[in-house]
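A look at the structure
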Amino acid sequence: MTKTKVDVIKNYVGGKWMKANCDRTAEVFNPATGEVIAHVPISSQKDVDIAVETASQAFQSWKEVAVPRRARILFKYQQLLVDNWNELAELITIENGKSVKEAYGEVQRGIECVEYAAGAPSLMMGSQLPSIATDLESGVYRYPIGVIGGITPFNFPMMVPAWMFPMAIVTGNTFVLKPSERTPLLANRLAELLEEAGLPEGVFNIVHGGHDVVNGLLDHKDVSAISFVGSQPVAEYVYKKGTSNLKRVQALAGAKNHSIVLKDADLENATTQIISAAFGSAGERCMACSVVAVEEEIADQFIEMLVNKANELKIGNGLNEDVFLGPVIREQHKHRTLQYIETGEKEGAKLIRDGREDADTKREGYFVGPTIFDHVTSEMKIWQDEIFAPVLAISRVGNLESAINLTNKSRFANGACLFTRDGGYVRTFREKIDAGMLGVNIGVPAPMAFFPFSGWKDSFYGDLHANGKDGLEFYTRKKVLTTRWV
Ligand code: NAD
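The structure presented is a predicted model; accordingly, all values stated were derived computationally and were not measured. (Residues numbered from 1 in each chain as written. Predicted model: local features only at pLDDT ≥ 70, side-chain atom pairs only at ≥ 80, totals over all residues. Heavy atoms only, no water.)

1. Considering the packing of aromatic side chains
Considering all chains together, one arrives at eleven aromatic pairs under this definition. Seen from their ring centres, Y12 and W17 are 4.6 Å apart, and the 45° between their planes marks the pair as tilted. Ring pairs connect the aromatic residues Y77, F165, F175 and F204, which therefore count as one cluster. The aromatic ring of Y143 is capped on one face by K479, whose charged end is 4.6 Å from the ring centroid. (Phe/Tyr/Trp six-rings, centres within 6.5 Å; stacked < 30°, edge-to-face > 60°. Lys NZ or Arg CZ within 6 Å of the ring centre and 35° of its normal.)

2. Some thoughts on the site of the ligand
Around the ligand, the surrounding shell holds 27 residues, and the nearest of these are K178, E181, R182, S231 and E386. Within the backbone of T152, a nitrogen or oxygen atom sits 2.8 Å from an oxygen atom of the ligand. Within the side chain of K178, a nitrogen or oxygen atom sits 2.6 Å from an oxygen atom of the ligand. (Near = heavy atom within 4 Å. Polar contact = N/O pair within 3.5 Å; in protein donor to acceptor, adjacent residues only side chain to side chain.)

3. Notes on a positive patch on the surface
Together, K63, R248, R477 and K479 make up a positively charged patch on the protein surface. Among the secondary structure elements, K479 is positioned in strand β22 (residues 476-484). (Patch = residues over 30% accessible without salt bridge, like charges linked within 9 Å, V, L, I, M, F, W, Y side chains within 5 Å. Areas by Shrake-Rupley, 256 points an atom, 1.4 Å probe, with all protein chains shown as cover. Salt bridge = Lys/Arg side-chain N within 4 Å of Asp/Glu carboxyl O. Lys, Arg positive; Asp, Glu negative; His and termini not counted. Charge placed at Lys NZ, Arg CZ, Asp CG, Glu CD. Helix = DSSP H or I, 4+ residues; strand = E, 2+ residues; numbered from the N terminus.)

4. Remarks on the pattern of salt bridges
All chains considered together, the criterion is met by 27 salt bridges. Here E87 makes a salt bridge to R189, at a shortest N to O gap of 2.6 Å. Of this pair, E87 sits in helix α3 (residues 85-96) while R189 sits in helix α7 (residues 185-196), and the two are 102 residues apart along the sequence. A relative accessible area of 34% places E87 in the partly exposed class. Its salt-bridge partner being K457, residue D434 comes within 3.1 Å of it at the nearest N-O pair. Linking D434 in the loop between α16 (423-432) and β19 (437-440) with K457 in strand β20 (residues 456-457), this pair joins segments that are 23 residues apart in sequence. What makes K457 partly exposed here is its relative accessible area of 33%. Here the salt bridges do not stand alone but share partners, grouping E296, D300, D374 and R396 into one network. (Buried < 20%, exposed > 50% of the residue type's maximum accessible area, 1.4 Å probe, protein only.)

Without other data, these values stay purely geometric and don't point to any function.
Below you can see the structure in the form of structure tokens.
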């Protein structure tokens, strides 16, 4: 292991790569090998102040740039992302661990956010009513709001920042990104490509670090809005602190996503989709399937098919093309996951596939194999908590209604999926289930740039979701002009 002689990465402020004003750094690991691949600075309040001041100054001129000119930079950026697609995907795999195929898909989701934002000249249009009263007309005009702080998690180093900064900057705001300290490398590559696309200095900035940088952004009077994505406790904290400082805040939080499998479902499709949704990206997706409520009549058949498919998954370094299941993000997270498996056994759930065996055979890197519990109930911690690892809980239910009632007991409500061939069941599911993102006969109701994305209940704090028209609304404010032409 190379524990020394790896660089401390730099912050990106005002178009320059700057050494952080701090003595502390954290190690960045390749989770598939345990190797230290970089050190990330744990930047200070001073670094936040410099970045926000730079972004505030840049805002004064950037907001005046014609919208089509801002969009043209994103067109160039889109092409650069496409040209560097493979390299970006490999970098994601190296710092995050997910398979390179998953990483390739993540880059695609990010590129789509850029493509959507490049439509800003149409999206930002206002509207008029020429006769709101006699001789009186009114119109609405849309403007940026200032400096935006973006705080992102480790699990999607490209896609989650891309939910934020393309729309934020194309609408005329400037941006300070605080990437996850566990996956900071891809963000710097995104900045290099923005520079190559011709983005003016100071419009996009990066301050690396941990909670001090987050607090710095939340407290800074010149930060107008915060976009946060991460775990539930931090999302709640960010939302409360940011709004008490009178900022706009959208905070996307943790999850425990449920799939319901009915007896009329195509079980071949259902098991393939659920395997991918539960164990893809090592279960470290906010849309991962972590609980299945399956109708009792088909439960044995469903479970047998599921376990057979789980046994076939290739575990290893995600850079190897045939690998499906990579490592979890850190050694500590691996141990937390193993503890949850013990907890599940103690709680009385039936362990039908034990991922600890794969963990034992792979000592390099932070691997846990696909783990499946049967007979899980809502009283168990493995049903309630977000484990964020390749651990799947199965509960047996009598019918759709009891499956929906069970699912709605969860404090989280990010996503939910239904497997059925019956349109009537789909309607009941859509109307009765608590969740922001729904899927039918798919495993992951994935975020798409063009639609709003978020959960309900403790999976989201705020009102305007990420992406789609909600993203546009979040990063802009409006003026209404009423005119009498007499
Ligand atoms: P995390 O909450 O640990 O970190 C997210 C960000 O918050 C990071 O930038 C981190 O530096 C910062 N942070 C961490 N602790 C903090 C603290 N005490 N005070 C201030 N800032 C702090 O999340 P993570 O482990 O990086 O990511 C995984 C979590 O993110 C999971 O819970 C997952 O469900 C969630 N997530 C949600 C969505 C969604 O759309 N709802 C998407 C992706 C990930």
